[in-house]
Amino acid sequence: MTAETDTPETGPAPRAPRGPQEKRIAGIWSAFLRAPDPPANVSFFTLGGYSLGLMRLGLRLQQEFGIVIPVPDLFENTTIESQAVLVRKLLEQSPGR
């Protein structure tokens, strides 16, 4: 751990989204939060989101990817990074894929 990039108080340094799903999710977050370039590893709530907003974001993700995201999963995955992992998992479990 270095003081500039990773401390117990602040966590890992913010990083840009990478990979197609993270970038698609980041675009949705950006439009929803009205903030350009949201970091992939920072919580939706840290960036100014709120509970009802996360529910609305979940609906938008469901539309974008054609999947059903259980509400508890949304609240357990509040970063772009973790939502991309969740989306990949749900896409793999979807019938006909």
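Refer to the structure above for everything that follows.
Criteria and thresholds
Residues numbered from 1 in each chain as written. Predicted model: local features only at pLDDT ≥ 70, side-chain atom pairs only at ≥ 80, totals over all residues. Heavy atoms only, no water. Helix = DSSP H or I, 4+ residues; strand = E, 2+ residues; numbered from the N terminus. Polar contact = N/O pair within 3.5 Å; in protein donor to acceptor, adjacent residues only side chain to side chain. Contact = heavy atoms within 4.5 Å. Expected span 1.5 Å × (residues − 1). Buried < 20%, exposed > 50% of the residue type's maximum accessible area, 1.4 Å probe, protein only. Patch = residues over 30% accessible without salt bridge, like charges linked within 9 Å, V, L, I, M, F, W, Y side chains within 5 Å. Areas by Shrake-Rupley, 256 points an atom, 1.4 Å probe, with all protein chains shown as cover. Salt bridge = Lys/Arg side-chain N within 4 Å of Asp/Glu carboxyl O. Core = buried A, V, L, I, M, F, W, Y, C linked by side-chain atoms within 4.5 Å. Arc of directions from axis to C-beta. Axes fitted to C-alpha atoms, helices over the stretch in contact; angles between N-to-C directions. Parallel < 35°, antiparallel > 145°, perpendicular 65-115°, else oblique. Left-handed = near helix turned anticlockwise from the far one by under 90°.

1. Some thoughts on the side chain of Ser43
Logical step 1: Here Ser43 shows up in the loop between helix H1 (20–33) and helix H2 (51–65).
Logical step 2: Within polar-contact distance, the side chain of Ser43 engages the backbone nitrogen of Phe45 at 3.1 Å.
Logical step 3: Apart from residues lying up to four places away in sequence, Ser43 is in contact with Trp29, Thr78 and Thr79.

2. Concerning helix H4 (residues 80–93)
Logical step 1: In a regular helix each residue adds 1.5 Å, so 14 residues correspond to 20 Å; H4 covers 20 Å between its end C-alpha atoms and thus fits that length.
Logical step 2: Of the positions making up H4, those classed as buried are Ile80, Ser82, Gln83, Ala84, Leu86, Val87, Leu90 and Leu91.
Logical step 3: Against H1, H2 and helix H3 (71–76) lie the buried residues of H4.

3. Focus on a nonpolar patch on the surface
Logical step 1: Together, Phe45, Tyr50, Leu52, Met55, Val71 and Phe75 make up an exposed nonpolar region whose accessible area comes to about 530 Å².
Logical step 2: At the level of elements, H2 and H3 are the ones that each hand at least two residues to the nonpolar patch.
Logical step 3: By the element assignment, Phe75 lies in helix H3.

4. Brief notes about unusual backbone geometry
Logical step 1: In this structure, Arg34 takes a positive phi of about 55° despite not being glycine.
Logical step 2: When you line up the elements, Arg34 lands in the loop between H1 and H2.
Logical step 3: Residue class for Arg34 comes out exposed when judged on its relative accessible area of 77%.

5. Notes on the nonpolar core
Logical step 1: Residues Ile25, Trp29, Leu57, Leu61, Phe65, Ile67 and Ile69 are the most contacted members of the largest nonpolar core, which totals 20 residues.
Logical step 2: Elements represented by at least two residues in this core include exactly H1, H2 and H4.
Logical step 3: Residue contributions to this core peak at six residues, all from H4.

6. So, the side chain of Thr79
Logical step 1: Mapping Thr79 onto the fold places it in the loop between H3 and H4.
Logical step 2: Taking relative accessible area as the criterion, Thr79 reaches 14% and is therefore assigned buried.
Logical step 3: Among the polar contacts made by the side chain of Thr79, one reaches the side chain of Ser82 at a distance of 3.0 Å.
Logical step 4: Those residues in contact with Thr79 that sit more than four places away from it in its chain are Trp29, Ala40, Asn41, Val42 and Ser43.

7. Quick notes on H1
Logical step 1: Here H1 contains 14 residues, and its C-alpha end-to-end distance of 20 Å stays within 8% of the 20 Å for a straight helix at 1.5 Å per residue.
Logical step 2: Taken as a whole, H1 has its buried residues at Gln21, Glu22, Ile25, Ala26, Ile28, Trp29 and Leu33. With its buried residues spanning 160° around the axis, H1 presents them on a single face. Opposite its buried face, H1 presents the exposed residues Pro20, Lys23 and Ala31, each directed more than 90 degrees away.

8. Some points on the packing of H2 against H4
Helix-helix packing: each pair is described by the crossing angle between the helix axes and the interaxial distance.
Logical step 1: Running from N to C, H2 and H4 point in directions that differ by 45°, and their axes come no closer than 12 Å. Comparing their axes, H4 and H2 come out oblique. For the element pair H2 and H4, the recorded crossing hand is right-handed. When H2 is examined against H4, the residues Leu54, Leu57, Leu61 and Phe65 are found in contact with a partner set consisting of Gln83, Val87 and Leu91.

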